[in-house]
Amino acid sequence: MNQSIKRTSVWLPLIVAVAFVAGMLSGAYFFSRHSKDSALDKISTIMKYISSEYVDDVDTDSLLEKSIPDILAKLDPHTSYIPASDLQAANEELNGKFSGIGISFNMLTDTITVIEVISGGPSEKVGIMAGDRIISINDSIVAGKKWSNEKVISNLRGDKGTTVKLGIKRSTSDKLLDFTVDRGDIPVASIDASYMLTPKVGYVKINKFGSTTYNEFLTSMVELRAKGAESFVLDLRGNGGGYMEMAIMMANEFLPAGKLIVSSHGRTPESESAAVSDGTGAFQDVDVTVLIDEFSASASEIVAGAIQDNDRGLIIGRRSFGKGLVQRPIELPDMSAIRLTTARYYTPSGRCIQKTYTPGSLDSYGMEIADRYSHGEGFSADSIKLDKSHVFHTVGGRKVYGGGGIMPDVFVPNDTTGLSTYYLTVLNAGLMHKYAFHYVDPRRKELSKAKTVKELLALLPSDDVLLQDFADFAYTTEKIAPRWYYINLSRDLIVSLVKGLIARDVLGTSGYYEIMNASDPTVNKARKEIESGNARYPIGTPANNNQKKK
């Protein structure tokens, strides 16, 4: 009896404590739930009063639609709202295809001018050609109407199987040509360029991480390897990201088994994840460099972080954007959606490369890139503001820093060589783009015989003749005087860009990059680092350091 009393006296305080804590937790849950319900009730009550008693008639649905972005803006810079009317368009590029007629266009002299006809697309099938001018859409005149690009797109795109009638003016015909195009699925390529930079170095330019990116990337890599590529330059400059899964699969191609690629951490179990390489990658034995700049973000930073933290390759360029927040797309009942930040992702060394932000204050966040330029970061590595309190280490012990983007292993500043007032004037006026079309259009039949950049360049006049012709064109069209002192200062820039744009019109986007990269300091630096042996795995080892001294 006494023993029973003693045992009860021992357990009683614990029982009471557990009951007390349970009571607190249940109370906290009740008040938390009550607080959330009260907030929802408050919004509902306010909307009801506006609907029933406000002095004027108000479309409460429209009012709420306009208020949602303001609410989400109080969270972080990347949580966002997508109205139902915009959701399909927002997903089209990442999903790899959309329905349309299959052209790229520019607005030249207030006329929709076809720049590129997508191979195998609906427009190519009916005979529309690069250089054609779209005068009418569905019998409505559009030439000279100064339509925005968005309005043109909305009129040309449409559901698969629907038709659009185009009135086309072609330089080889005196009369307007009528084409009826059946809209179809148009592939949206993630790879802008894929070619041999040198006989042993392949170059791949990736513009986004969409649903087809990995397959496109792998195809390009295999084709380049078949052409003799033993090392690779992956260009992620300007790549704002996309699907994390595509970045993980891409990084996996270069890593041996068991290497952490990326992890994410949030409030819920679903937001916790870790991706580890499985050892099946086809390019574990190649030298690799990754090019980044201040506009490389999100999935681009996942790839760069995985390569850098595992000492797998060299990161070259300038500090990346600094987006380390993971968004989950959530579709709402009315077919609108939110992209809600649910986690932060971390590179293998443990870095969260998300740059700092103040919730609800988007202005300073949006100006961060401009601030980098104002204090000279784009032009000098010494001006980079590294957060030394966020130091981490690669698998080989090299120091890397968190708190604001991926810092490259090899810094390459913005190249301002050759800039002049003349160059900036003609560039801002879009004259080099217009001139390229002006040059190609009457010569399209002859120039289209070229199948490679080398063949195309052989058909072009000398640099002196091309430069003189461009200067005459700029004066004739925009009355920009040919100030030859400044033209000669920018000679290489002008000639290179004009040739690149001509190549784009004739050979497509890959031709443009092949010409522009010939004088690109970051691409040339990557090539030199590969050729000197500095990109060999593992980066930073004594063997590589010795190689650098040779």
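Rules behind the numbers
Residues numbered from 1 in each chain as written. Predicted model: local features only at pLDDT ≥ 70, side-chain atom pairs only at ≥ 80, totals over all residues. Heavy atoms only, no water. Core = buried A, V, L, I, M, F, W, Y, C linked by side-chain atoms within 4.5 Å. Buried < 20%, exposed > 50% of the residue type's maximum accessible area, 1.4 Å probe, protein only. Helix = DSSP H or I, 4+ residues; strand = E, 2+ residues; numbered from the N terminus. Salt bridge = Lys/Arg side-chain N within 4 Å of Asp/Glu carboxyl O. Pairing = 2+ DSSP bridges. Contact = heavy atoms within 4.5 Å. Axes fitted to C-alpha atoms, helices over the stretch in contact; angles between N-to-C directions. pLDDT = per-residue confidence, 0-100. Phe/Tyr/Trp six-rings, centres within 6.5 Å; stacked < 30°, edge-to-face > 60°.

## A word on the nonpolar core
Consideration 1: In terms of nonpolar packing, the biggest core is built from 39 residues, with Phe209, Phe217, Met221, Leu234, Phe254, Ile261 and Val290 touching the most fellow members.
Consideration 2: The element best represented in this core is helix α8 (residues 299–309), accounting for 6 residues.
Consideration 3: Judged by nonpolar contacts, the second largest core, of 31 residues, contains Tyr422, Val440, Ala450 and Val498.

## Some remarks on the pattern of salt bridges
If the charged atoms of two oppositely charged side chains come close together, the side chains can form a pair.
Consideration 1: Going through the model one piece at a time under the given rule, you end up with 21 salt bridges.
Consideration 2: With a shortest N-O distance of 3.2 Å, Asp285 and Arg225 are connected by a salt bridge. Of this pair, Asp285 sits in the loop between β14 (273–276) and β15 (287–292) while Arg225 sits in helix α6 (residues 213–226); the two residues are 60 residues apart in sequence, bridging distant segments of the chain.
Consideration 3: The class of Arg225 is partly exposed, set by a relative accessible area of 33%.
Consideration 4: Of the charged contacts in the structure, one is a salt bridge between Arg444 and Asp441, with a shortest N-O distance of 3.7 Å. Per residue, the accessibility class of Arg444 equals that of Asp441, and both read buried.

## Some remarks on the sheet that holds strand β21 (residues 410–411)
Consideration 1: What the 6 strands build is an open sheet, ordered β10-β11-β12-β15-β16-β21; its pairing is mixed. Two strands bound the open sheet, and with one partner strand each, they are β10 (191–198) and β21.
Consideration 2: Direction of pairing for strand β16 (residues 314–317) relative to β21: parallel, over a ladder of 2 bridges. Within β21, the position partnered with Ile316 by the bridge is Val410.
Consideration 3: Relative to β16, helix α19 (residues 521–531) is tilted by about 150 degrees, and along the sheet it contacts β10, β11 (201–206), β12 (231–235), β15, β16 and β21.

## Notes on the confidence of the model for the protein chain
If pLDDT is low for a region, its predicted coordinates should not be looked at in detail.
Consideration 1: This prediction gives the protein chain a mean pLDDT of 87; 89% of its residues lie at or above 70.
Consideration 2: For the stretch residues 1–33, pLDDT sits under 50, and the model shows 0 contacts to residues farther than four places along the chain or on other chains.
Consideration 3: pLDDT under 50 marks residues 546–550. Its contacts with residues more than four places away, or in other chains, come to 5 contacts.

## Focus on the packing of aromatic side chains
Consideration 1: A full pass over the atoms with the stated rule returns 12 aromatic pairs.
Consideration 2: Taking the centre distance of 6.4 Å and the plane angle of 40 degrees together, the rings of Phe254 and Phe283 count as tilted. Taken together, the positions of Phe254 in the loop between α7 (244–252) and β13 (260–266) and Phe283 in the loop between β14 and β15 put the pair 29 residues apart, joining distant regions of the chain.
Consideration 3: With a relative accessible area of 0%, Phe254 lands in the buried category.
Consideration 4: What makes Phe283 buried here is its relative accessible area of 1%.

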